[in-house]
Amino acid sequence: QVQLVESGGGLVQAGGSLRVSCAASGLTFSYYVMGWFRQAPGKEREFVAAISRSGGGTYYTDSVKGRFTISRDNAKNTVYLQMNSLKPEDTAVYYCAAVRDYSDTIYYTKSVYRYWGQGTQVTVSS
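Computed from a predicted model, the values in this text were never measured in an experiment. (Residues numbered from 1 in each chain as written. Predicted model: local features only at pLDDT ≥ 70, side-chain atom pairs only at ≥ 80, totals over all residues. Heavy atoms only, no water.)

**What about the environment of V112?**
Heads up, the condition is: Elements are defined by DSSP. Helices are runs of H or I of four residues or more, strands are runs of E of two residues or more, and each kind is numbered from the N terminus. Only protein chains enter the area calculation, which uses a 1.4 Å probe; residues under 20% of their type maximum are buried, those over 50% are exposed, and those in between are partly exposed. Contacts were defined at the residue level, with two residues in contact if any of their heavy atoms lie within 4.5 Å.
By the secondary structure assignment, V112 is in the loop between β9 (92–100) and β10 (115–116). What makes V112 partly exposed here is its relative accessible area of 36%. Taking the C-alpha atoms as reference, V112 lies 25 Å from A75; in sequence the two are 37 residues apart. Discounting residues that sit within four places of it in the chain, V112 has contacts with V99 and Y107.

**Overview of the state of the cysteines**
Applied cut-off: Sulfur atoms of two cysteines make up a disulfide when they are within 2.5 Å.
Tallied over the entire structure, the rule returns 1 disulfide. Residue pairing for C22: its cysteine sulfur links by disulfide to C96, the two sulfurs lying 1.9 Å apart. Note on the C22 and C96 pair: the S-S dihedral is about 45°, so by sign convention the disulfide is right-handed. Taken together, the residues C22 in strand β3 (residues 18–25) and C96 in strand β9 connect sequence positions 74 residues apart. For the pair formed by C22 and C96, the shared burial category is buried.

**Concerning the nonpolar core**
Our working definition: Nine residue types can take part in a nonpolar core, namely buried Ala, Val, Leu, Ile, Met, Phe, Trp, Tyr and Cys, and a core is a set of them joined through side-chain atoms within 4.5 Å.
Membership of the largest hydrophobic core comes to 29 residues, with the highest contact counts inside it found for M34, W36, L81, M83 and Y94. The set of elements that each furnish at least two residues to this core consists of β3, β4 (32–39), β5 (46–51), β7 (68–73), β8 (78–83), β9 and β11 (120–125). In this structure, V33, F37, F47 and V99 belong to the second largest nonpolar core, which totals 7 residues.

**What to know about the pairing of β3**
Under the convention used in this document: In this analysis, strands are considered paired if DSSP registers two or more bridges between them.
For strand β1 (residues 3–7) and β3, the ladder comprises 5 bridges, and the chain directions are antiparallel. Paired with L4 across the strands is A24, a residue of β3. Note: β3 against β8, 6 bridges, orientation antiparallel. For V20, the partnering residue across the bridge sits in β8 and is L81.

**Overview of the pairing of β11**
Taken residue by residue, a regular strand's side chains alternate between the two faces of the sheet. Of the two faces of β11, only the one carrying T120, V122 and V124 is buried; Q121, T123 and S125 on the other face are not. As defined by bridge partners, strand β2 (residues 10–13) adjoins β11 across 4 bridges and the pair is classed as parallel. From the neighbouring strand, G10 faces β11, where its bridge partner is V122.

**Here's the deal with the packing of aromatic side chains**
We count it as follows: In this analysis, rings of Phe, Tyr and Trp, with Trp reduced to its six-membered ring, are considered paired at centre separations within 6.5 Å, and the interplanar angle assigns stacked below 30 degrees, edge-to-face beyond 60, and tilted for intermediate values. The rule is short: NZ of Lys or CZ of Arg within 6 Å of the ring centre and within 35 degrees of the ring normal puts a charge over the ring.
For the coordinates displayed, the defined rule picks out 8 aromatic pairs. If you follow R45 out to its NZ or CZ, it ends over the ring of Y95, 3.6 Å from the centre. Over the ring of W116 we find R45, and its NZ or CZ is 5.0 Å from the ring centre.

**Concerning unusual backbone geometry**
One non-glycine residue, N77, adopts positive backbone phi at about 55°. Along the chain, the position of N77 falls in the loop between β7 and β8. Positive phi is not limited to glycine here, since S85 has a value of about 50°. Summarising the element assignment, S85 is placed in the loop between β8 and β9. Residue classification places S85 among the partly exposed residues on the basis of a relative accessible area of 41%.

Take a look at the structure:
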């Protein structure tokens, strides 16, 4: 079965950096658009970033543009989210998600994603 396993979360001071990873198994990774979402306490899960099948296209929510970078390694079945200049408002559980794609599209709508990981906690202290 399909599994997405996030890792790399933790506690970091404001202004610091962190990289979270998501290892996928049970699917042909290069066929899937990958996304990162986050959910803070008491808030809905929101889109953060997504990357196309090839890795040639990326898309970010406005609040993380210029600070976060999504990338993927299709040979390792892994997607990454490099987070720099972290702010306390970035504190959340970060989830990776996957959706099968037949072109080179990027999706930012939560409902289209088929598979989800269990999440990894990122806490940014002020």
